[in-house]
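# Analysis of the macromolecular model
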Amino acid sequence: SSAASILSLPPMTTTTDRYCIIGAGPSGLAAAKELKQANVPYDHYERHSATGGIWDLNNRSTPMYENAHFISSKTMSAFPGYPMPSSYPDYPSRQQILE
């Protein structure tokens, strides 16, 4: 589903409302992609200096650890249009997720 349908806007509709995305982890980046594709204006904020959310060990608030890896397969976890590289294992490492 797209942000346009979540926001009850037909695709490519112009709106004067502006939305705010908090966080540049996987969900925030996916929301930004959908809003941009639907031409919905938004502001995007991340308190950390990089994208990645909890997968980035340099993010002070992460509960993640160095050897963490996905517990869902790369095929089920990839974003539409952005498959994970075929060279990645079925359950990618934390570092691979950031790449």
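Provided above is the structure to which this section pertains.
Residues numbered from 1 in each chain as written. Predicted model: local features only at pLDDT ≥ 70, side-chain atom pairs only at ≥ 80, totals over all residues. Heavy atoms only, no water.

### Some thoughts on the nonpolar core
- Of all hydrophobic cores here, the largest spans six residues; its members are Trp55, Met64, Ala68, Phe70, Met84 and Tyr88.
- Not counting chain neighbours up to four residues away, the residues in contact with Tyr88 comprise Lys74, Gln96 and Glu99.
- The next biggest cluster of nonpolar side chains, apart from the first, holds five residues, and it includes Ile21, Ala32, Ala38 and Val40. (Core = buried A, V, L, I, M, F, W, Y, C linked by side-chain atoms within 4.5 Å. Buried < 20%, exposed > 50% of the residue type's maximum accessible area, 1.4 Å probe, protein only. Contact = heavy atoms within 4.5 Å.)

### Looking at the pairing of strand E2 (residues 42-45)
- The sheet contact formed by strand E1 (residues 19-22) and E2 spans four bridges and is parallel. Looking at E2, one finds that Cys20 is bridged to Asp43.
- In this view, the connection linking E1 to its parallel neighbour E2 by way of helix H2 (residues 26-37) has right-handed handedness. (Pairing = 2+ DSSP bridges. Helix = DSSP H or I, 4+ residues; strand = E, 2+ residues; numbered from the N terminus. Right-handed = clockwise from strand over helix to strand, strands pointing away.)

### Some points on the environment of Lys33
- Within the fold, Lys33 resides in helix H2.
- Not counting residues up to four positions away in its chain, the partners in contact with Lys33 are Pro80 and Tyr82.

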